[in-house]
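# A look at the structure
Okay, here's what each chain looks like letter by letter:
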Amino acid sequence: MGSTCFHTSAAPSSCLLSSTKRSYGLHDLKLKVPISRTRKVSKVLAFYGLRSPPYKLDALEPHMSNRTLEMHWGELHRGYVEGLNKQLERNDILYGYTMDELIKATYNNGNPFPEFNNAAQVWNHNFFWDSMHPRGGNMPTLGLLDQIEKDFGSFTNFKEKFVDAALSLFGSGWVWLVLRKREKRLEVVKTCNAINPIVWDDIPIINLDMWEHAYYFDYKNDRAAYVKNFLDHLVSWDVATARIIRAEAFVNLGEPKIPIA
Amino acid sequence: MPRQLSNHFLPLPNKNINSSSPSIGRCNLVFSTDLECSSLSSMALRTLLSRRTLAAAVRPQLGSTLGLRSLVTFSLPDLAYDYGALEPVISGEIMELHHQKHHQAYITNYNKALEQLELAMSKGDASSIVKLQGALKFNGGGHVNHSIFWKNLAPVREGGGEPPKGSLGWAIDTDFGSLETLISRMSTEGAALQGSGWVWLGVDKDLKKLVVETTVNQDPLVTKGANLVPLIGIDVWEHAYYLQYKNVRPDYLKNIWKVISWKYASDLYEKECPVH
């Protein structure tokens, strides 16, 4: 198998690191191929790596402090990655998945396996760091703004809906701006614990961590201030635009306005 | 201080109520200005007055179909100890935030939801009534659970951490083998709980058996079984430990047993499962 084993606590990407060429589809879940017993291989020690946010940990001050990011990324996110790797060590059925496939497989249509929590939280946090930017906030532009105005009426209305969803979430969870594949429109959804809209085949555009650990150091229990600061100062509409452009390859959002003659 | 207390409605059964106060619905209330008030400390009285009746007298005379109903709202119960008394196990900062911000928010929102519920019930708006159930369970559960939690905690010098004696101690040994086993079981379940919730030691009052359960968010223990009475509840929401223990929930669960008071649990257990 010639698998490369190296410890990847600071790897640059969070994609699959095992060099096996086999890919397990969902229908292969029934096969129990004990790879470790068929040949003598060095044990692969890690499968997924921790990706750093695209900015320094103190770059989001004063809206999200260095201390929060050190804890949230450095300890919690890292903990999810390491926990996931440890779980995958024991389970060779879940070998060879990309992160997206792993989440959908472990979600198991609503009856999640233990690996789901770690896998989904790794994905969610990667998405979250990318959704923010030190000079974020302001408004989206061009096509994304048009789509938001089409689906929510106005950008202000969207912000209101987003804040409402965040504040009415009971317990731990995430708030998403998501592009619904079937309805072909943008919506604000809130999910519990680690649940991620890709399990329903929807395409997330931005997300916000509403677990208490995300804001407790900076805002204590003042969730409203946290959400407001996220929308006003941190959210990266550039990244959101890139995501919706990519999403248009999968969802037909309507005919482009090509002028006739 | 006694003057302020006279503004509260105190049901005092021995008073002659025929003369002064009008009979309001079925509540016979009386203003108390007497020495009974001054002999009690304000804190103790405020814990007695954890229910405040909105003055039915304030409401205008409504149609006879509605009658005169008074909505019972809730207020923040006081702690029996200072915020800093549980140091170093739980910091004073956490206790103050937990009590004054979180618990108070649950109570405020619970009262709001109750008012909206009463309005919806009086209008016969079935769908609104159902829509409010989520807010009622969450905020009401938050109030109920935290009220139990404060009673479960005590500073070390007031018995926090002392193992249970009496019938509860025997029951723990019978149902779990030893106190250490119970503690390690509850700590494990609390650490494994994903997201927010509570871990409970409860007693099934019909089967007379102790149970360890977890509930999510602010669901009270009864959602796991109508016969379950909560004896000990440990809050494993992040707000309960994050400022001090960061994300190391197992450390919090290991240490909190040093300030758990088994007195409340023992008394309640003896009430539910009396020894014949």
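Residues numbered from 1 in each chain as written. Chains lettered and ligands numbered in written order. Predicted model: local features only at pLDDT ≥ 70, side-chain atom pairs only at ≥ 80, totals over all residues. Heavy atoms only, no water.

### So, the confidence of the model for chain B
Residues and elements named next belong to chain B. When pLDDT is averaged along chain B, the result is 81; 75% of the residues meet or exceed 70. Ignoring residues within four places in sequence, the model shows residues 1-40, a span with pLDDT below 50, making 38 contacts including any to other chains. In the model, residues 47-68 has pLDDT below 50 throughout and makes 34 contacts with residues more than four positions away in sequence or in other chains. Note on the complex model: pTM 0.77, ipTM 0.77. (pLDDT = per-residue confidence, 0-100. Contact = heavy atoms within 4.5 Å.)

### Quick word on the sheet that holds strand β4 (residues 209-216) of chain B
Residues and elements named next belong to chain B. Across the sheet, which stays open at both edges, the three strands sit in the order β4-β3-β5 with antiparallel pairing between neighbours. Across the chains shown, the open sheet's two edge strands, defined by having one partner strand only, are β4 and β5 (228-235). Direction aside, the axes of adjacent strands within the sheet are offset by 25 degrees on average. Alignment of strand β3 (residues 197-204) against β4, held across eight bridges, turns out to be antiparallel. Each bridged residue has a counterpart across the sheet, and for Leu201 the counterpart in β4 is Val212. (Pairing = 2+ DSSP bridges. Helix = DSSP H or I, 4+ residues; strand = E, 2+ residues; numbered from the N terminus. Axes fitted to C-alpha atoms, helices over the stretch in contact; angles between N-to-C directions.)

### A closer look at the UniProt feature "domain: Manganese/iron superoxide dismutase N-terminal" (unreviewed entry) in chain B
Under the feature "domain: Manganese/iron superoxide dismutase N-terminal" (unreviewed entry), the UniProt entry names residues 73-154 of chain B. Secondary structure across residues 73-154 of chain B divides into 71% helix and 2% strand, with the first and last C-alpha atoms of the span separated by 27 Å. (UniProt positions renumbered as here; feature names shortened; annotations may be inferred.)

### A word on the packing of helix α3 (residues 99-107) of chain A against helix α4 (residues 114-130) of chain A
Residue and element names in this part refer to chain A. At their nearest, the axes of α3 and α4 sit 9 Å apart, and the two run at 145 degrees to each other. Helix-helix and strand crossings are classified by hand; for α3 and α4 the assignment is left-handed. Contact residues: Met99, Asp100, Leu102, Ile103, Thr106 and Tyr107 in α3; Glu115, Phe116, Ala119, Ala120, Val122 and Trp123 in α4. Here the contact of α3 with α4 is built from residues that sort into nine nonpolar, one polar and two charged. (Left-handed = near helix turned anticlockwise from the far one by under 90°. Nonpolar A, V, L, I, M, F, W, Y, C, P; charged D, E, K, R; others polar.)

### Observations regarding helix α7 (residues 166-176) of chain B
All names here are of chain B. For α7, the set of buried residues is Ser167, Leu168, Gly169, Ala171, Ile172 and Phe176. The inward-facing, buried residues of α7 abut α8 (179-192), β3, β4, β5 and α11 (262-272). Downstream of α7 by a residue or two, Gly177 has a phi angle that is positive, lying close to 100 degrees. (Buried < 20%, exposed > 50% of the residue type's maximum accessible area, 1.4 Å probe, protein only.)

### Examining the UniProt feature "domain: Manganese/iron superoxide dismutase C-terminal" (unreviewed entry) in chain A
Within this numbering scheme, the UniProt entry marks residues 143-242 of chain A as carrying the feature "domain: Manganese/iron superoxide dismutase C-terminal" (unreviewed entry). When the span residues 143-242 of chain A is considered, its composition is 45% helix and 23% strand, and the gap between its end C-alpha atoms is 11 Å.

### So, the sheet that holds strand β2 (residues 185-192) of chain A
Residue and element names in this part refer to chain A. The strand order β2-β1-β3 describes an open sheet built from three strands, whose pairing is antiparallel. In the strand order of this sheet, the two ends are held by β2 and β3 (203-209), each with one partner. Sheet twist, expressed as the mean angle between neighbouring strand axes with direction ignored, is 20 degrees. Where helix α9 (residues 237-247) meets the sheet, its contacts fall on β1 (173-180), β2 and β3, and the angle it forms with β3 comes to roughly 150 degrees.

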